[in-house]
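# Close look at the chain arrangement
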Amino acid sequence: TLSEVKQILRQFYAENYRNEVFPMLHFLNELGVISYNDTSHALEKIVVVNPQWLIDTLTLAIRDYKIHEISISEVKNAGLKSELGRLVLDGIASQDVLDYLWMNEKPETVQFLVAFMLHNTMMSRWAHEKQRYYLIPSLVPNAILPPDILILLSSNV
């Protein structure tokens, strides 16, 4: 987090650390060593020190279901069959399905990932009365789905 970065810098640059924090973060971000964005309140609190983690985590939601499998039985057990269907067929993700795909992350990390994707136009808000939905344009299908996904979506179970 940003507060952890400040604490570490305070140890090494006792008096002058405040002047060094943001130029350093922006420089390291431009080099690709970290990922940091201070253009929104939701993003400015997080410093990603392992950009590969960010890519790996985002690709749990933005994926090619013909190549990267998902456990159909786990999706059914989680009660997210229709939600996954909407994601795969229409490119529309509910907050529930994102929470499921990122289940190994803390809630505040999930909030950061959603804010990151929104900020970087990887997805946009999709209006719905009762729940938060997001349109992920790169998932709007343009090809044939794998057989196991088609079977899941066509079954009545």
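Structure first, text after, so check above.
What counts, and where the lines are drawn
Residues numbered from 1 in each chain as written. Predicted model: local features only at pLDDT ≥ 70, side-chain atom pairs only at ≥ 80, totals over all residues. Heavy atoms only, no water. Pairing = 2+ DSSP bridges. Helix = DSSP H or I, 4+ residues; strand = E, 2+ residues; numbered from the N terminus. Axes fitted to C-alpha atoms, helices over the stretch in contact; angles between N-to-C directions. Core = buried A, V, L, I, M, F, W, Y, C linked by side-chain atoms within 4.5 Å. Buried < 20%, exposed > 50% of the residue type's maximum accessible area, 1.4 Å probe, protein only. Contact = heavy atoms within 4.5 Å. 1 Å grid on protein atoms, 1.4 Å probe; cavity = no way out; pocket = protein on both sides within 12 Å on 5 of 7 lines; lining within 4 Å. Points joined across faces, edges and corners; volume = space filled by probe spheres on them. Nonpolar A, V, L, I, M, F, W, Y, C, P; charged D, E, K, R; others polar.

### Description of the sheet that holds strand 2 (residues 124-126)
The strand order 1-3-2 describes an open sheet built from 3 strands, whose pairing is antiparallel. Two strands in the sheet have a free side with no partner beyond their single neighbour: strand 1 (92-94) and strand 2. Here the strands of the sheet are splayed against their neighbours by 40° on average, with no regard to which way each runs. Relative to strand 3 (residues 133-135), strand 1 runs antiparallel, the two sharing 3 bridges. By the bridge assignment for strand 3, serine 94 is matched with tyrosine 133.

### Describing the nonpolar core
As a rule of thumb, soluble globular proteins bury nonpolar side chains together. Formed by 33 residues in total, the largest nonpolar core has its most connected members in Tyr65, Ile70, Leu84, Leu87, Leu98, Trp102 and Met123. Among the elements of the structure, helix 4 (51-58), helix 5 (72-77), helix 6 (81-90), helix 7 (95-101), helix 8 (107-119) and helix 9 (147-154) are those that each provide at least two residues to this core. Tallying contributions element by element places helix 8 first for this core, with 8 residues. Each residue touching tyrosine 65, except ones within four places of it in the same chain, is listed here: Ile70, Leu84, Leu87, Val88, Leu101, Pro146 and Ile149. Core analysis: the second largest hydrophobic core is formed by 8 residues, Leu2, Val5, Val21 and Leu25 among them.

### Focus: the layout of surface pockets
Space left empty within the atom packing is revealed by a probe, the size of a water molecule, rolled over the atoms. Of the volumes computed, that of the largest pocket is approximately 250 Å³. Lining of the largest pocket is provided by Thr1, Ile46, Val47, Val48, Val49, Asn50, Trp53, Asn104, Glu105, Lys106, Thr109 and Phe112. Partitioning the lining of the largest pocket into residue classes produces 6 nonpolar, 4 polar and 2 charged.

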